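# Structural characterization, general
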Amino acid sequence: MTLDQLNYLLVLAEEQNVTRAAQRLYITQPTLTTFITKLEKELGTKLFDRTRNPVRLTDNGELYIKKMREILLAEQQLKEELKYHDSGRRRIRIGIGYAHSTMWAQRLAARLLNIYPQLDIQFHEGQEARMISELRKNEIDVFFGHAEIDPVSFVFGELMEERIALLVPRKYVPDAPENPDPSCPVEIRLELLEKMRMIIPGNSMGLNLNVQLLWKHYSITPDSLIQTNNTISGVQMAAEGLGYMLGNEELVKFLQPDQRSNVVYCTLPDMKQTRKYYYGYAGNNPEKEIILETIRIIKQISGADHQA
């Protein structure tokens, strides 16, 4: 099956009508009907229930489309791999979260290209669970994040200890110093948080685990939540007074200068103020040299940021 043929199935599933689907695909209705009938005969199962109006995918039809998408994606990735092997070009595919990519990607790319001028660099920004899945499927070469991965199957190590704090709108801490200082967070009482909405990361993000531990340790049960996978959006909401969040101290740097004083670095009594940041890669990756150079550069960059 080709991508075009898979598209026949997808369009028919969307339109739920053979005539409209054929019109969208710029083919005749008999052509589409013949294709579906022949495919179902080859598979020995019905993909669509065409006795009903509208036409509906069967359970087997949904499963077939899902699996064919995976197969065609894998085939496309294999073709790209073979193309790279034949061309002699080199590349690095870096899995990293949105916020850290925004902080580091420009400097990382510049330093890598200074060493490898012809290098192709691909940043795969996203949620940590997805990036770990991509690492296992060899869709990225190196992972940077807070989630721990299998140290038997991968080379796995700690990059740094990252400082975190409660990022609280100033209106709730009016007596806090005017210039926020991440190294000296303001200690607040737990009761203060009961009056505030909390901004939390998505369930598949590494920071979500820290939020869950915070709730458990202090028996926090927020009455109202805002959830976002983009921590930069989260800190912007905190600056607007929409709620507080647990986050990396560097997030405040993404705010406009006139907004930064709207967020106060806070902590609770005995609150853990750091979390580990890791790297991981497959030890048999043919681009191990570039991977190690990438890790070395990230260590330099993150160290400079941490001291800022």
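Anything mentioned here points back to the structure above.
Reference entry: report on the structure contained in this document. (Residues numbered from 1 in each chain as written. Predicted model: local features only at pLDDT ≥ 70, side-chain atom pairs only at ≥ 80, totals over all residues. Heavy atoms only, no water.)

### Observations regarding helix α3 (residues 29-43)
Condition: Helix numbering and strand numbering both begin at the N terminus, where a helix is a DSSP run of H or I of at least 4 residues and a strand a DSSP run of E of at least 2. In a helix, the anticipated span is given by 1.5 Å times the number of residues less one. Exposure is judged per residue with a 1.4 Å probe applied to protein chains only, and the accessible area is read against the type maximum: over 50% gives exposed, under 20% gives buried, and values in between give partly exposed. Arc, as used here, means the arc of the directions from the helix axis to the C-beta atoms.
With 15 residues, α3 should cover 21 Å at 1.5 Å per step; its first-to-last C-alpha distance of 21 Å lies within 8% of that length. Turning to α3, its buried residues are Leu32, Phe35, Ile36, Leu39 and Glu40. Buried residues of α3, seen end-on, are gathered within an arc of 125 degrees and therefore sit on one face of the element. Residues of α3 that are exposed and angled more than 90 degrees away from the buried face: Pro30, Thr34, Lys38, Lys41 and Glu42.

### Quick word on the side chain of glutamate 162
We count it as follows: In the analysis that follows, any N or O atom pair within 3.5 Å is treated as a polar contact, provided that within protein one partner can donate a hydrogen and the other can accept it, and provided that, for residues neighboring in sequence, both atoms belong to side chains. In this analysis, two residues are considered to be in contact whenever any of their non-hydrogen atoms come within 4.5 Å of each other.
Looking at where glutamate 162 falls in the secondary structure, it is placed in strand β6 (residues 155-169). A residue is classified by how much of its surface remains accessible, and glutamate 162, at 3% relative accessible area, is buried. Of note is the side chain of glutamate 162, whose polar atom sits 2.6 Å from the side chain of histidine 100. Among the polar contacts made by the side chain of glutamate 162, one reaches the side chain of histidine 146 at a distance of 2.7 Å. Excluding its chain neighbours within four sequence positions, the residues that come into contact with glutamate 162 are His100, His146, Asn248, Gln273, Thr274 and Arg275.

### Quick look at the pairing of strand β12 (residues 274-281)
The side chains of a regular strand alternate between both faces of the sheet. Defined as follows: In this scheme, strands are said to pair when DSSP sees at least two bridges between them.
Most of β12 sits out of view: 6 of its 8 residues are buried. Note that strand β5 (residues 142-145) and β12 share 4 bridges and pair antiparallel. Of the residues in β12, the one forming a bridge with phenylalanine 143 is glycine 280. Pairing analysis gives 8 bridges linking β6 to β12, with the strands arranged antiparallel. From the neighbouring strand, methionine 160 faces β12, where its bridge partner is tyrosine 277.

### Structural notes on the packing of helix α1 (residues 3-15) against helix α2 (residues 18-25)
Our working definition: Where helices are involved, their axes are fitted lines through C-alpha atoms of the stretch in contact, as for all axes, and angles between N-to-C directions lie from 0 to 180°. Angles are sorted into four bins: roughly parallel if under 35 degrees, roughly antiparallel if over 145, roughly perpendicular if 65 to 115, and oblique for all others. Each crossing gets its hand from how the near helix is turned against the far one by less than a right angle, where anticlockwise is left-handed and clockwise is right-handed. Think of it as three bins: nonpolar holds Ala, Val, Leu, Ile, Met, Phe, Trp, Tyr, Cys and Pro, charged holds Asp, Glu, Lys and Arg, and polar takes everything else, Gly as well.
Between α1 and α2, the least distance of the axes is 8 Å, while the angle of their chain directions is 135 degrees. Put simply, α1 runs oblique to α2. Crossing geometry of α1 relative to α2 is assigned as right-handed. Packed against α1, whose contacting residues are Asn7, Tyr8, Val11, Leu12, Glu14 and Glu15, the element α2 presents Val18, Arg20, Ala21, Arg24 and Leu25 at the interface. Its residues placed into classes, the contact of α1 with α2 shows 6 nonpolar, 1 polar and 4 charged.

### Examining the packing of aromatic side chains
Just so we agree on the cut-off: Note on aromatic pairs: the rings of Phe, Tyr and Trp (six-membered ring only in Trp) are paired at centre separations within 6.5 Å, and the planes decide the class, stacked below 30 degrees, edge-to-face beyond 60, tilted for the rest.
Summed over all chains, the structure comprises 4 aromatic pairs. Aromatic side chains phenylalanine 156 and tyrosine 278 sit 4.7 Å apart centroid to centroid with 35 degrees between the ring planes, which places their arrangement in the tilted category. Here tyrosine 278 lies in strand β12 and phenylalanine 156 lies in strand β6, a separation of 122 residues in the sequence. Tyrosine 278 gets classed as buried once you look at its relative accessible area, which sits at 8%. On the numbers, 6.5 Å between centres and 15 degrees between planes, the contact of tyrosine 279 with tyrosine 281 is stacked. On the basis of relative accessible area, tyrosine 279 is assigned to the buried category, the value being 15%. What makes tyrosine 281 buried here is its relative accessible area of 5%.

### Quick look at the nonpolar core
The condition that has to hold: Here the nonpolar core consists of buried residues drawn from Ala, Val, Leu, Ile, Met, Phe, Trp, Tyr and Cys, with membership extended through side-chain atoms lying within 4.5 Å.
Of all hydrophobic cores here, the largest spans 23 residues; its most connected members are Leu166 and Leu268. Taken together, the elements giving at least two residues each to this core come down to β6, α7 (190-193), β8 (198-200), α8 (206-218), β10 (244-248) and β11 (263-267). Among the nonpolar cores identified, the runner-up in size contains 22 residues, and Tyr116, Tyr279, Ile290 and Ile297 belong to it.

### Focus on the packing of α1 against α3
The interhelical angle for the contact between α1 and α3, taken along N-to-C directions, is 105 degrees, at an axis separation of 11 Å. In terms of axis orientation, α1 runs roughly perpendicular to α3. Residues Gln5, Tyr8, Leu9 and Leu12 of α1 pack against Leu32, Phe35, Ile36 and Leu39 of α3. When its residues are assigned to classes, the contact of α1 with α3 shows 7 nonpolar, 1 polar and no charged.

### Digging into the pattern of salt bridges
Basically, it comes down to this: We define a salt bridge as a contact between a side-chain nitrogen of Lys or Arg and a carboxyl oxygen of Asp or Glu at a distance within 4 Å.
On inspection of all chains with the given rule, the structure shows 19 salt bridges. Note that glutamate 14 and arginine 24 form a salt bridge whose closest N and O atoms lie 3.0 Å from each other. Taken as a pair, glutamate 14 in helix α1 and arginine 24 in helix α2 lie far apart in primary sequence, 10 residues in all. Here arginine 24 falls in the partly exposed class, since its relative accessible area comes to 42%. In this structure, lysine 276 and glutamate 161 form a salt bridge, with 2.8 Å as the shortest nitrogen-oxygen distance. With lysine 276 in strand β12 and glutamate 161 in strand β6, this pair connects stretches of sequence that are 115 residues apart. You can call lysine 276 partly exposed: its relative accessible area is 34%. For glutamate 161, a relative accessible area of 30% corresponds to the partly exposed category. Salt bridges sharing partners connect three or more residues here, namely Glu14, Glu15, Arg20 and Arg24.

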